[in-house]
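Examining the three-dimensional arrangement
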Amino acid sequence: MSDLPTFDDVKRAAVRLSGVAIRTPLLTNVALDEAVGARVFIKPETLQRTGSFKFRGAYNRLSQIAEGDRAKGVVAWSSGNHAQGVAAAGKLFGIPTRIVMPSDAPAIKVERTRRSGAEVIFYDRVKDDREAIGRAIAEQHGSVIVPPYDDPFIIAGQGTVGLEIAEDAAQIGLALDAVLVPVGGGGLIGGSSLALRELSPLTKIFSIEPEGFDDHRRSLIAHQRLRNERIDGSICDALMAPMPGELTFAINDKHLAGGFAVSDAEVKEAMRFAFAELKLVVESGGAVALAALLTGRVDVGGQIVAIVLSGGNVDPAFFSEILTAD
């Protein structure tokens with residue numbers, strides 16, 4: 001594979017993932033359609049293996065490691081969802097996994113990463129360089145590094161989300177006007193855009209991020225990668241990448257129609273809506289696209305749109321606080 005993945009790479013990833021990853025459905029909800037004045041299709045990656053889309057890319061990447069190299073293991077850095085995806089894929093392939101995670105990662109993500117047999121190494125999100133820590137560990141053990149988004153096989157694996165959206169919409173005879181995708185480093189939306197541009201070229205693709213971490217929104221305007229000024233301070237722990245990935249932005253700058261940002265308060269309201277009306281548990285980072293719809297941040301009146309709920313790994317105590325807040 002070249003540095004930048006292609007639509008063919010997404011299709012090959014789909015073959016590898018068939019029977020392993022869950023082909024999550026496109027759901028509809030009358031209450032949501034009425035609330036936003038549009039026909040909305042929901043891609044619930046909350047129901048994916050490990051509770052987020054991240055398993056797709058992790059499995060696709062680990063499938064490329066030669067059997068003779070697997071005993072040396074892999075190293076990844078993640079706030080939690082990529083960690084779980086890599087750990088679960090490693091368990092399936094019999095590959096030892098070491099994951100560098102922030103000390104403030106949600107407990108449920110740490111516990112489930114360890115449950116799949118991974119060794120977790122903590123770092124301070126503010127003071128430490130997680131990539132430097134991960135690279136040192138990889139060098140020590142001769143391990144393969146599995147980045148969270150800036151890797152062609154990771155991007156292609158995540159792109160199967162967009163492939164399934166396009167295929168399932170076409171199967172019921174619908175042309176999507178827009179797709180809204182949560183964005184951290186840009187792997188999910190980048191890979192998905194490869195499939196959507198090929199199969200649904202008139203569909204507009206929008207990145208949705210937390211306020212203060214809208215590096216993609218700003219970078220798309222500037223047509224160059226811009227860094228966030230903050231490194232913490234959002235409830236959306238999964239979407240606090242410092243800046244767009246080099247590979248992901250090379251794709252996204254060509255394919256995306258723009259980006260939007262939502263506040264923590266708006267994300268919380270979306271999580272409550274998802275629980276009450278969609279009957280889905282969605283983590284904060286996974287709810288940003290829904291928040292953008294409910295607030296009218298993205299004008300979709302009268303349109304046919306799809307949103308991705310990218311993950312559902314939320315600590316029970318934190319989720320309870322959100323549900324019971326006045």
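No experiment lies behind these values; they were computed from the predicted model shown.

**Some points on the overall build of the protein**
Tallying secondary structure elements over the protein gives 14 helices and nine strands in all. Its C-alpha atoms give the protein a radius of gyration of 18 Å, near enough to 20 Å, the size a compact globule of 326 residues would have. C-alpha atoms of the protein, sized along the principal axes, occupy 55 × 45 × 40 Å.

**Re helix H9 (residues 187-199)**
Over its 13 residues, H9 extends 19 Å from the first C-alpha to the last, a length consistent with the 18 Å expected when each residue adds 1.5 Å. Along H9, the helix axis deviates most sharply at Ser193, where the bend reaches about 25°. Most of H9 is tucked away, with ten of its 13 residues classed as buried. Within H9, burial applies to Gly187, Leu188, Ile189, Gly190, Gly191, Ser192, Ser193, Leu194, Ala195 and Leu196.

**Concerning the pattern of salt bridges**
Evaluated as defined, the whole model comprises 18 salt bridges. One salt bridge in this structure joins Arg56 and Glu45, with 2.9 Å as the shortest N-O distance. Here Arg56 is found in helix H3 (residues 54-62), whereas its partner Glu45 is found in the loop between strand S1 (39-44) and H3, with eleven residues between them in sequence. For the residue pair Arg56 and Glu45, the accessibility class agrees, reading buried in each case. Each of the salt bridges in this network shares a partner with another, and the network as a whole consists of Lys43, Glu45, Arg56 and Glu164.

**Observations regarding the sheet that holds strand S3 (residues 97-102)**
An order of S4-S3-S2-S5 is seen for the four strands of this open sheet, with the pairing classed as parallel. In this open sheet, the two strands that pair with only one neighbour each are strand S4 (119-123) and strand S5 (144-145). Sheet topology note: the strand S2 (residues 74-77)/S5 ladder contains two bridges and is parallel. The residue bridging Val74 from the neighbouring strand is Val144, located in S5. This element, helix H4 (residues 81-93), spans S2 and S3 of the sheet and lies at about 170° to S3. Of the strands in this sheet, S2, S3, S4 and S5 are in contact with helix H6 (residues 130-141), which crosses S2 at around 175°.

The rules we used
- Residues numbered from 1 in each chain as written.
- Predicted model: local features only at pLDDT ≥ 70, side-chain atom pairs only at ≥ 80, totals over all residues.
- Heavy atoms only, no water.
- Helix = DSSP H or I, 4+ residues; strand = E, 2+ residues; numbered from the N terminus.
- Rg over C-alpha atoms; globule rule 2.2 N^0.38 Å.
- Expected span 1.5 Å × (residues − 1).
- Bend = angle between axes of the 7 residues up to and from the residue.
- Buried < 20%, exposed > 50% of the residue type's maximum accessible area, 1.4 Å probe, protein only.
- Salt bridge = Lys/Arg side-chain N within 4 Å of Asp/Glu carboxyl O.
- Pairing = 2+ DSSP bridges.
- Contact = heavy atoms within 4.5 Å.
- Axes fitted to C-alpha atoms, helices over the stretch in contact; angles between N-to-C directions.

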